[in-house]
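A closer look at the structure
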Amino acid sequence: MKVAILGGSGKTGRAVGAALAQVGVATRPLGRAAFDDLPAALAGADAVHVIAPNLHPDEPAYVTTVLAAAREAGVGRLVYHSVASPYVPAMPHHLGKAVSEDLVRRAGLDWTILQPCAYTQNLLPALRAAEESGVLEVPYAVDRPFGMVDLLDVAAATAAVLTGPGHVGATYELGGPDLVTIADIAAAAGVSARRVPADADVHPWLRAMFDYYDDHGLPTGGVPLGALLGRAPTGVAEVLRRELGDGAAGRSCQA
Ligand SMILES: NC(=O)c1ccc[n+]([C@@H]2O[C@H](COP(=O)([O-])OP(=O)(O)OC[C@H]3O[C@@H](n4cnc5c(N)ncnc54)[C@H](OP(=O)(O)O)[C@@H]3O)[C@@H](O)[C@H]2O)c1
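Residues numbered from 1 in each chain as written. Predicted model: local features only at pLDDT ≥ 70, side-chain atom pairs only at ≥ 80, totals over all residues. Heavy atoms only, no water.

**Thoughts on the side chain of Glu101**
Locating Glu101 in the fold gives a position in helix H4 (residues 92-105). Overall, Glu101 belongs to the buried group, its relative accessible area being 4%. Of the polar contacts made by the side chain of Glu101, one reaches the side chain of Ser82; its length is 2.7 Å. Those residues within four positions of Glu101 in sequence are excluded, and the remaining contacts are Tyr80, Ser82, Pro86, Ile113 and Gln115. (Helix = DSSP H or I, 4+ residues; strand = E, 2+ residues; numbered from the N terminus. Buried < 20%, exposed > 50% of the residue type's maximum accessible area, 1.4 Å probe, protein only. Polar contact = N/O pair within 3.5 Å; in protein donor to acceptor, adjacent residues only side chain to side chain. Contact = heavy atoms within 4.5 Å.)

Quick look at the structure:
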């Protein structure tokens, strides 16, 4: 089996490629240059995993291009990397994924849709800074619930979906084992948490996301991910221990 990974040179795509390699599947990581002739780039693949770039200005257009190319190249199996809670009109980049999900479901291909929550790994730069300052700073409320998920779990689940039977026509929300707040994550790293203003030049869609997080967080269930992995999803404290070592997560482990 050979899987073409659109966005394969990015953070998510590299993790998915490594997870597929672990189960002996050949991959073809594709970056933006593949879009010069996408049908040719996809030719010969058995499946395509579609990871749009972050904050693509028109994700439905990107997905439309990918679906047409997959059909032209004769690639019948497609897994689309969406996001948890895609239908949130207050968050334009989530809404772009909701519209894209509809395109995927109506494309006449054997599709699966994955809806991951925010990766725990997103917080690693801020947590590394907090090792110096003692404070984890984020531009949204620190007491709202999130289903933070381990990117490596998301990648392993993606590999399971691409290689196992029974996933065609399925949509899976992918959250971690528990709902956690930023304050919980800071406590797991032995630091405190504080909301700070967003940078003045932050992308307006990220500002909209921070406003939504301020009010609602991003709660996401962990049951589907556990079923796909055949084990409990990895908790925040374990991800921090693995990524930061005992220096951070070893100081206090409550999450
Ligand atoms: N971070 C999270 O917590 C999270 C959670 C759920 C969903 N997601 C979604 O995951 C997706 C990928 O995130 P990521 O952090 O892995 O992205 P990333 O590291 O920024 O990778 C972006 C990938 O897209 C390619 N790319 C960039 N511009 C492109 C263009 N104009 N046309 C086609 N391809 C282009 C890049 O190729 P080059 O190497 O050629 O530049 C690279 O392979 C996003 O859609 C995001 O919304 C993220």
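**Focus: the site of the ligand**
What surrounds the ligand is a group of 23 residues, the closest being Ser9, Lys11, Thr12, Lys97 and Asn122. Contact between the ligand and Lys11: an oxygen atom at 2.7 Å from a main-chain N or O atom of the residue. At 2.7 Å from an oxygen atom of the ligand is found a side-chain nitrogen or oxygen belonging to Thr12. Expressed as a share of its isolated accessible area of 930 Å², the protein-covered part of the ligand is 78%. With respect to the pocket detection grid, the ligand is positioned in the largest pocket. (Near = heavy atom within 4 Å. Areas by Shrake-Rupley, 256 points an atom, 1.4 Å probe, with all protein chains shown as cover. 1 Å grid on protein atoms, 1.4 Å probe; cavity = no way out; pocket = protein on both sides within 12 Å on 5 of 7 lines; lining within 4 Å. Sits in = over half its atoms within 2 Å of the grid points.)

**Digging into the layout of surface pockets**
Put simply, the largest pocket is a space of about 1,300 Å³. For the largest pocket, the lining is made up of 50 residues, of which Lys11, Asn54, Leu55, Tyr119 and Asn122 are closest to its centre. The set of elements that each furnish at least two residues to the lining of the largest pocket consists of helix H1 (11-22), helix H3 (59-73), H4, helix H5 (124-133), strand S6 (135-138) and helix H8 (204-216). Taken together, the residues of the lining of the largest pocket break down into 30 nonpolar, 15 polar and five charged. In this structure, the second largest pocket occupies an estimated 220 Å³ of space. Within the residue set of the lining of the second largest pocket, elements represented by two or more residues are H1, helix H6 (151-163) and helix H9 (223-229). Its residues assigned to classes, the lining of the second largest pocket shows 11 nonpolar, one polar and no charged. (Points joined across faces, edges and corners; volume = space filled by probe spheres on them. Nonpolar A, V, L, I, M, F, W, Y, C, P; charged D, E, K, R; others polar.)

**Some words on the environment of Ala107**
Mapped onto the elements of the fold, Ala107 is located in the loop between H4 and strand S5 (110-116). Look past the residues within four positions of Ala107 in its chain and what remains in contact with it is Leu67 and Arg71.

**Side note on the sheet that holds strand S7 (residues 170-174)**
Read from one edge of the open sheet, six strands run S2-S1-S3-S4-S5-S7, paired in parallel fashion. Looking at strand neighbours, the two that pair on one side only are strand S2 (26-30) and S7, the edges of this open sheet. Across the sheet, the axes of successive neighbouring strands diverge by a mean angle of 15 degrees, strand direction being ignored. Relative to S5, strand S4 (residues 77-81) runs parallel, the two being bridged by five bridges. Looking at the pairing, Arg77 lines up with Asp110 of S5. Across the sheet, H1 touches strand S1 (2-6), S2, strand S3 (47-50) and S4, and the angle it forms with S1 is around 170 degrees. (Pairing = 2+ DSSP bridges. Axes fitted to C-alpha atoms, helices over the stretch in contact; angles between N-to-C directions.)

**Details of the packing of aromatic side chains**
The geometry of an aromatic ring pair comes down to the distance between the two centres and the angle between the two planes. Here the structure, examined in full by the defined rule, presents five aromatic pairs. Ring centres 5.8 Å apart and planes at 25 degrees place the aromatic pair Tyr140 and Phe210 in the stacked group. Of the two residues, Tyr140 sits in the loop between S6 and H6 while Phe210 sits in helix H8, which places them 70 residues apart along the sequence. Residue class for Tyr140 comes out buried when judged on its relative accessible area of 8%. Aromatic side chains Tyr140 and Tyr213 sit 5.1 Å apart centroid to centroid with 80 degrees between the ring planes, which places their arrangement in the edge-to-face category. Highlighted residues: Tyr140 in the loop between S6 and H6 and Tyr213 in helix H8, separated in sequence by 73 residues. Among the aromatic residues, ring-to-ring pairing joins Tyr140, Phe146, Phe210 and Tyr213 into one connected group. (Phe/Tyr/Trp six-rings, centres within 6.5 Å; stacked < 30°, edge-to-face > 60°.)

**Quick notes on the confidence of the model for the chain**
For the chain, mean pLDDT is 96; residues scoring 70 or higher make up 96% of the total. For the chain, helix H11 (residues 246-249) is the element with the lowest average pLDDT, namely 58, and S5 is the one with the highest, namely 99. (pLDDT = per-residue confidence, 0-100.)

**Side note on H6**
The α-helix winds at 3.6 residues per turn, so residues separated by three or four positions along the chain end up facing the same way. Taking 1.5 Å per residue as the helical rise, H6 with its 13 residues ought to reach 18 Å, and the 18 Å between its terminal C-alpha atoms agrees with that figure. Of the positions making up H6, those classed as buried are Leu151, Asp153, Val154, Ala155, Ala157, Thr158, Ala159, Val161 and Leu162. (Expected span 1.5 Å × (residues − 1).)

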